[in-house]
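Structure assessment
Chain by chain, the residues:
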Amino acid sequence: MRIDLSGKTALVTGGARGIGRQVCLRLAAAGAVVIINYAKSSEAALSLQSEIGQNAGHAAGIFQADVSKEDEVRAMFDFIKKTYKRLDILVNNAGVIKDNLLIAMEQSEWDKVLNVNLRGTFLCSKYAAEQMMANKSGRIVNIASVAAVKCSRGQTNYAASKGGIVSFTKACAVELAPKGILVNAILPGMIETDMSARVRKRAGDAILSAIPLGRFGDPDEVAALAVFLSSDLWQSKSLAR
Ligand code: NAP
């Protein structure tokens, strides 16, 4: 069974690097027109845009916006509405870590992580849902983390943000399902990206021994699931029978 997203438009936040990059590549390969959101990585976004243009046979868009800032998020969704006329898929992938022990944690470290991870997911979902409601269909996929349920030292801010995303996802799913918009979350374990590089270097062997597969996850494995959840495949009649 092949996933066909032809005619669909998809926004991936933090799409220029890591897991988000793989999500963009897989969505484009499935036929979707992808808008790559980035905050700082303009070169990586441009390079991915050109890679998708060459390989997928259709152009990708890029848009710089800090997902924690409402005016920038609003401008991004205005751009999508004006340029593409519709939005079918949102992957809330943008995220940051700022680890510190609780008693040493600065309010700025708490706020940064909560603002990008949780507020960013809220803002993008809000503006996406508004556009999706017009078509009575849509898919929102939130990249949470296993940290939402299995917590590590030094990650009170990150765990709170990801736990918040899990609850937010459930509440959105209840509210938006009657409008034809399906909302899901993915809780990846440790994946080989820039975000986990320092921890993998410092405690890699100890972490690996606790992973039954004996290896870290590949960003493309998360992307495959994100694209599956963005599709109609998992709720098609043939699959349900
Ligand atoms: P990464 O390689 O560090 O990439 C993070 C991405 O988030 C970048 O594309 C970055 O864009 C974007 N971003 C950060 N702040 C942003 C902002 N204010 N506005 C818009 N985009 C912003 O990390 P990753 O591992 O791919 O993480 C992707 C998601 O997976 C995150 O939500 C993370 O929490 C989650 N996750 C990761 C792991 C893991 O082990 N790696 C495990 C579980 C969950 P710029 O470079 O343009 O700033």
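The sections below set out a description of the structure shown in this document. (Residues numbered from 1 in each chain as written. Predicted model: local features only at pLDDT ≥ 70, side-chain atom pairs only at ≥ 80, totals over all residues. Heavy atoms only, no water.)

1. Remarks on the overall build of the protein chain
Of regular secondary structure, the protein chain possesses eight helices and six strands. Taken from the N to the C terminus, the helices and strands of the protein chain come in the order β-α-β-α-β-α-β-α-β-α-β-α-α-α. The C-alpha radius of gyration of the protein chain comes to 17 Å, within 12% of the 18 Å expected for a compact globule of 241 residues. The principal-axis extents of the C-alpha atoms in the protein chain amount to approximately 50 × 40 × 40 Å. (Helix = DSSP H or I, 4+ residues; strand = E, 2+ residues; numbered from the N terminus. Rg over C-alpha atoms; globule rule 2.2 N^0.38 Å.)

2. What to know about the site of the ligand
Around the ligand there are 30 residues in total, and Ser41, Asn93, Tyr158, Ile191 and Thr193 lie nearest to it. At 2.6 Å, a side-chain N or O of tyrosine 158 approaches an oxygen atom of the ligand. Calculation on the ligand without its partners gives an accessible area of 890 Å², and the protein chains cover 94% of this total. Broken down by secondary-structure element, the contributors of at least two residues to the shell around the ligand are helix 1 (18-29), strand 2 (33-38), helix 5 (156-176) and helix 6 (194-209). Among the elements that take part in the shell around the ligand, helix 6 stands out by supplying three residues, more than any other. A per-class count over the shell around the ligand returns 15 nonpolar, 10 polar and five charged. (Near = heavy atom within 4 Å. Polar contact = N/O pair within 3.5 Å; in protein donor to acceptor, adjacent residues only side chain to side chain. Areas by Shrake-Rupley, 256 points an atom, 1.4 Å probe, with all protein chains shown as cover. Nonpolar A, V, L, I, M, F, W, Y, C, P; charged D, E, K, R; others polar.)

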